[in-house]
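# A closer look at the structure
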Amino acid sequence: MGTDPISLQLAIARLHARYAHALDADRLEEWPQFFTENGRYRITTAENEGRGLPLAVLYAEGRAMMRDRIQSLRHANIYEPQRYRHMISAVLLEPVDTSVVRSIANFVVVRIMQGGEATLFASGRYVDRVLIREMQYEERVVICDSRRFDTLLAIPL
Amino acid sequence: MGTDPISLQLAIARLHARYAHALDADRLEEWPQFFTENGRYRITTAENEGRGLPLAVLYAEGRAMMRDRIQSLRHANIYEPQRYRHMISAVLLEPVDTSVVRSIANFVVVRIMQGGEATLFASGRYVDRVLIREMQYEERVVICDSRRFDTLLAIPL
Amino acid sequence: MGTDPISLQLAIARLHARYAHALDADRLEEWPQFFTENGRYRITTAENEGRGLPLAVLYAEGRAMMRDRIQSLRHANIYEPQRYRHMISAVLLEPVDTSVVRSIANFVVVRIMQGGEATLFASGRYVDRVLIREMQYEERVVICDSRRFDTLLAIPL
């Protein structure tokens, strides 16, 4: 596909989809590859974001730091029998320049416990800067609606 | 983009997305602008719709009435610390004529209370008539699956 | 629309959307028509799928078997006042050959009881083989995140 608006919109939708499936399938080692080498990742709350507070629930800059994060998770060897299911909706694109596009999308993450109960784990917005040619996140900010974070600290959203 | 089927499908998806983000960001004053000057908005239940009952949980005809509705909400000055997150899915288009397209979409709205609990607030279908050139709703009917409406009466869906 | 990648992606999205709306509107008799004459349908769990177990919660091969299934459901005359709402997200296509495409998508199904309570009924992945020219499922595998199945056995997802 080309770089016309329609192809771009579908390419971004696929990027978000591949990201969601990687996390939901517990292929966390692939997570850093969705970002540029120096890509930034941040989880914050709508409350902090609204107040302009730079506080992040989770922050990673660069793939090396992201790989460390995933290794720690794996070595912590926490027994985590739950599954996650990411739903993405309402994707909006805003061109930044010829090489970067801004993407805003709504998300809901469902958590399924070992016993089978499913709960609304997190909801909010992804606010992304995407490198068009590479189809990678230069920045992904996850703005959660809720202030509640329990195991949220454990895995990337 | 043009008016070919692909461009139209993506344009409608963006319209629904902008609508969702405006409501979720509490930019309610923008709500009437998604409609034509005489646009109609109606919230009803699947039960009433199935029985052909014209009862509406909320009804507004024309932007002026919508603006009044939002002003009332703002002046009522109700302390509403909850957030909403709209998810839209399964969009289907049916051409009506050269200037109007019918859109059907599934939706789920998650409500996040101040304490952080997230609940399924509403689910159902949007059945819309969209003016193609203006990309505005001539009519938006929100058919909710549940008969339960508490604060649903307060804000547009 | 043609068979270029963009048209195909949107055609598959519409197929999934029509399927969802048919089930949500209780038009179960239309369900077999989304499949090829010998199409296969299977509901399984992520746990079984991960272990390579061929166990299926529900299995149907061919439209005749699907029609039988729906007839049994209708004749069982079970009073089922609940509604379902399907949300589909994160659709990814992988070409198989010139006539078949593989589609992976996330889903969440919300169940709305007669009293009005809405719950997360099921979540998981659709893994499909779609005949491109016919726009029908040659195979639809529904991989549920949870092992819990109560009335799940009753209706197709």
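Look up a bit, the structure's there.
Calculation criteria
Residues numbered from 1 in each chain as written. Chains lettered and ligands numbered in written order. Predicted model: local features only at pLDDT ≥ 70, side-chain atom pairs only at ≥ 80, totals over all residues. Heavy atoms only, no water. Buried < 20%, exposed > 50% of the residue type's maximum accessible area, 1.4 Å probe, protein only. Helix = DSSP H or I, 4+ residues; strand = E, 2+ residues; numbered from the N terminus. Pairing = 2+ DSSP bridges. Least-squares fit on C-alpha atoms with pLDDT ≥ 70 in both. Contact = heavy atoms within 4.5 Å. Axes fitted to C-alpha atoms, helices over the stretch in contact; angles between N-to-C directions. Parallel < 35°, antiparallel > 145°, perpendicular 65-115°, else oblique. Left-handed = near helix turned anticlockwise from the far one by under 90°.

### Notes on the pairing of strand β4 (residues 100–112) of chain C
All names here are of chain C. Counting buried positions over the 13 residues of β4 gives twelve, a clear majority of the element. As paired elements, strand β3 (residues 83–95) and β4 share eleven bridges and run antiparallel to each other. Considered in β4, the bridge of R85 is made with V110. The hairpin turn running from β3 into β4, its antiparallel successor, is four residues long. Here 13 bridges tie β4 to strand β5 (residues 118–131), and the two strands are oriented antiparallel to one another. Within β5, the position partnered with V109 by the bridge is A122. As consecutive antiparallel partners, β4 and β5 are separated by five residues, and within that stretch G116 has a phi angle of approximately 115°, a positive value.

### Some remarks on the relation of the copies chain C and chain A
Overlaying chain C on chain A yields an RMSD of 0.0 Å, the required transformation being a rotation through 120° with an accompanying axial translation of 0.0 Å. This pairing of chains is accounted for by a three-fold axis. Among all residues of chain C, the one whose C-alpha sits closest to the rotation axis is S89 of chain C, at a distance of 4.1 Å.

### Thoughts on the relation of the copies chain B and chain C
Overlaying chain B with chain C gives an RMSD of 0.0 Å, the required rotation being 120° about an axis along which the chain moves by 0.0 Å. An asymmetric contact is evident, with only 20% of the interface residues of chain B recurring at the interface of chain C.

### Points about the packing of helix α1 (residues 5–24) of chain A against helix α1 (residues 5–24) of chain C
To characterise two packed helices, one gives the angle between the axes of the helices and the distance between these axes. For the pair α1 of chain A and α1 of chain C, interaxial distance at closest approach is 11 Å and the crossing angle is 55°. Our classification of the angle between α1 of chain A and α1 of chain C gives oblique. The interaxial crossing formed by α1 of chain A with α1 of chain C has left-handed handedness. Within the contact between the two elements, α1 of chain A uses I6, S7, L10 and R14 of chain A and α1 of chain C uses I6, Q9 and L10 of chain C.

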